[in-house]
Amino acid sequence: MMIILQVEVAVINSDELVATLEYWQLSGIDVLSGDSLEYSGLPAFIPVKSGAVAGVGSSFTQNTSPPLPKRAAKTTKPAPTLPKPETLLKSSADEPLIAFVEHKDRPEQLVKLQAVTASCQRCELHLTRKQAVFGVGSPTAPVVFVGEGPGADEDRLGEPFVGDSGKLLDKMFHSIGFKREDIYIANVVKCRPPGNRNPLHAEIALCQNYLIDQLQIIRPKAIFCLGKFALLCLLGYDGPVGKARGQSFSWRGIPVIASFHPAYYLRTPSKKNAGWQDLLKLQKLLQELDK
Ligand code: URA
């Protein structure tokens with residue numbers, strides 16, 4: 001029996017196309033021809049509409065067309081770890097928080113979790129990372145800033161936001177009186193997507209529990225989402241960041257502020273004022289919560 005994976009077609013540009021094909025190949029998917037892909041881990045052929053690439057949200061149906069030519073099975077690749085469609089990304093906002101972790105226990109809990117991420121092989125990003133980039137800051141931080149994923153500098157140094165975006169982020173939170181060691185910074189995915197492409201939904205889904213556990217251990221008073229992937233991972237929000245700004249969100253009872261990613265201000269400096277407004281909102285929120 002052959003199975004066809006019918007795919008929802010994602011909007012794609014050439015960078016995403018190349019990155020996605022690289023990712024699929026790392027996952028054991030071989031490109032057979034211009035418009036079809038063979039996935040060596042399953043008896044499946046994955047047809048791709050021309051000019052587009054499969055995204056998440058796929059569904060399985062029976063194939064009635066004649067079989068495509070098969071390649072010899074490969075034995076050297078690790079078993080693919082792509083999640084099944086039903087395990088794909090969903091909002092993590094509505095579950096209850098786990099029991100309160102005492103302040104004194106938080107550093108140890110975070111160190112243990114970091115050790116798990118350091119050897120994580122849940123998705124193919126582990127094949128190309130130099131190291132997993134866990135998070136940095138205070139285990140009792142009042143606010144956690146959530147970015148997207150490590151870039152080249154972070155991958156090399158093992159700390160989030162140490163490149164150009166990070167320098168700007170430092171200035172941003174300095175402007176409301178915070179130093180790096182006062183707050184906590186984490187990313188949606190802990191390993192660098194090759195070529196700085198966007199993380200795939202499947203990668204976010206597989207990494208999601210690490211961020212959830214970080215937030216549960218730290219239990220900040222507020223969460224500051226830097227860009228669309230933080231909103232997607234925590235809230236399941238898949239719309240424009242500009243529309244999310246100004247709306248009220250919460251994650252497991254913790255208020256969430258939606259804001260742009262600092263890389264956006266590097267590309268569009270005229271938008272920096274929006275980030276400044278969001279930081280003032282955070283400052284006000286924290287002051288109110290401290291009353
Ligand atoms: N961008 C991110 O989202 N995270 C980093 O750690 C660096 C750049």
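Residues numbered from 1 in each chain as written. Predicted model: local features only at pLDDT ≥ 70, side-chain atom pairs only at ≥ 80, totals over all residues. Heavy atoms only, no water.

K.L.:
In this structure, what is going on with the overall build of the protein? I would like to understand it.
P.N.:
Counting its secondary structure elements, the protein contains 10 helices and 13 strands. For the protein, the proportion of its 291 residues judged to be buried stands at 45%. A separation of at least 24 residues holds for 75% of the contacts in the protein among residues at least 6 apart in sequence. (Helix = DSSP H or I, 4+ residues; strand = E, 2+ residues; numbered from the N terminus. Buried < 20%, exposed > 50% of the residue type's maximum accessible area, 1.4 Å probe, protein only. Contact = heavy atoms within 4.5 Å.)

K.L.:
How should the packing of helix α6 (residues 201-218) against helix α7 (residues 228-235) be read in this particular structure?
P.N.:
A packed helix pair is summarised by two numbers, namely the angle formed by the two axes and the spacing between the axes. It is at 9 Å that the axes of α6 and α7 come closest, and there the two elements cross at 75°. For the element pair α6 / α7, the angle class is roughly perpendicular. Residues His201, Ile204, Gln208, Leu211 and Leu215 of α6 pack against Phe229, Leu232, Cys233 and Leu234 of α7. Tallied by class, residues from the contact of α6 with α7 come to 7 nonpolar, 2 polar and no charged. (Axes fitted to C-alpha atoms, helices over the stretch in contact; angles between N-to-C directions. Parallel < 35°, antiparallel > 145°, perpendicular 65-115°, else oblique. Nonpolar A, V, L, I, M, F, W, Y, C, P; charged D, E, K, R; others polar.)

K.L.:
It is not clear to me how the packing of aromatic side chains should be interpreted in this structure. Could you clarify?
P.N.:
The way to describe two aromatic rings as a pair is by their centre distance and the angle between their planes. Taken as a whole and judged by the stated rule, the model has 6 aromatic pairs. Taking 5.6 Å as the distance between ring centres and 50° as the angle between the ring planes, the aromatic pair formed by Phe145 and Phe173 counts as tilted. Of this pair, Phe145 sits in strand β9 (residues 143-147) while Phe173 sits in helix α5 (residues 164-174), placing them 28 residues apart in sequence. For Phe145, a relative accessible area of 0% puts it in the buried group. With a relative accessible area of 0%, Phe173 lands in the buried category. Look at Phe260 and Tyr264: their rings are 4.5 Å apart centre to centre, the planes differ by 40°, and that puts the pair in the tilted class. Judged by its relative accessible area of 22%, Tyr264 falls in the partly exposed class. Taken together through their ring pairs, the aromatic side chains of Phe145, Phe173 and Phe224 make up a single cluster. (Phe/Tyr/Trp six-rings, centres within 6.5 Å; stacked < 30°, edge-to-face > 60°.)

K.L.:
How should the nonpolar core be read in this particular structure?
P.N.:
Note on soluble globular proteins: their nonpolar side chains tend to be buried together. Among the nonpolar cores identified, the biggest contains 61 residues, and Phe145, Val188, Ile223, Leu234, Trp251 and Leu282 are the most heavily contacted of them. For this core, the element with the most residues is α6, which contributes 9 residues. Filtering out sequence-adjacent residues up to four positions away, Leu234 remains in contact with Ser91, Ser92, Ala93, Val146, Leu211, Leu215, Ile223, Cys225 and Trp251. Residues Cys123, Leu125, Cys191 and Leu206 belong to the second largest nonpolar core, which totals 5 residues. (Core = buried A, V, L, I, M, F, W, Y, C linked by side-chain atoms within 4.5 Å.)

K.L.:
Teacher, can you tell me more about the site of the ligand here?
P.N.:
Contacts to the ligand come from Gly147, Glu148, Gly149, Glu154, Pro160, Phe161, Asn187 and His261. Backbone polar atom of Phe161 to an oxygen atom of the ligand: 2.9 Å apart, as the coordinates give it. Here a nitrogen atom of the ligand sits 2.8 Å away from a polar atom, N or O, in the side chain of Asn187. Relative to its free-state accessible area of 240 Å², the ligand is covered by the protein chains to the extent of 92%. Looking at the shell around the ligand residue by residue, the classes come out as 2 nonpolar, 4 polar and 2 charged. (Near = heavy atom within 4 Å. Polar contact = N/O pair within 3.5 Å; in protein donor to acceptor, adjacent residues only side chain to side chain. Areas by Shrake-Rupley, 256 points an atom, 1.4 Å probe, with all protein chains shown as cover.)

K.L.:
Explain α5 to me, please; I cannot follow it from the model alone.
P.N.:
Helical periodicity: at 3.6 residues per turn, an α-helix aligns residues three or four positions apart in one direction. Along α5, the residues classified as buried are Ser165, Gly166, Leu168, Leu169, Asp170, Met172 and Phe173. On its buried face, α5 sits against β9, β10 (184-187), β11 (222-226), α9 (262-267) and α10 (272-290).

K.L.:
What is the right way to look at the pattern of salt bridges in this model?
P.N.:
Pairing of side chains with opposite charge becomes possible as their charged atoms draw close. Taken as a whole and judged by the stated rule, the model has 8 salt bridges. A salt bridge links Arg180 to Asp170; its shortest N-O distance comes to 2.9 Å. Pair noted here: Arg180 is in the loop between α5 and β10 and Asp170 is in helix α5, with a separation of 10 residues, a long-range link. Each member of the pair Arg180 and Asp170 is classed as buried. Salt-bridge contacts for Glu203 lead to Arg197; the nearest nitrogen and oxygen are separated by 2.8 Å. Glu203 sits in the buried class, given a relative accessible area of 1%. Under the relative-accessibility criterion, Arg197 is labelled buried at 10%. Within the structure, one salt-bridge network assembled from shared partners comprises Glu159, Asp170 and Arg180. (Salt bridge = Lys/Arg side-chain N within 4 Å of Asp/Glu carboxyl O.)

K.L.:
Whenever I open this one, the sheet that holds β9 confuses me. Can you help?
P.N.:
Picture the strands of a sheet paired through backbone hydrogen bonds; they go either parallel or antiparallel. The strand order β8-β10-β9-β11-β13-β12 describes an open sheet built from 6 strands, whose pairing is mixed. Of all the strands in the sheet, the pair left with one neighbour each is β8 (135-137) and β12 (249-251). Geometrically, the sheet is characterised by an average inter-axis angle of 25° between neighbouring strands, direction not taken into account. One ladder, built from 3 bridges, connects β12 with strand β13 (residues 254-259); its direction is antiparallel. The residue of β13 that forms the bridge with Phe249 is Val256. (Pairing = 2+ DSSP bridges.)

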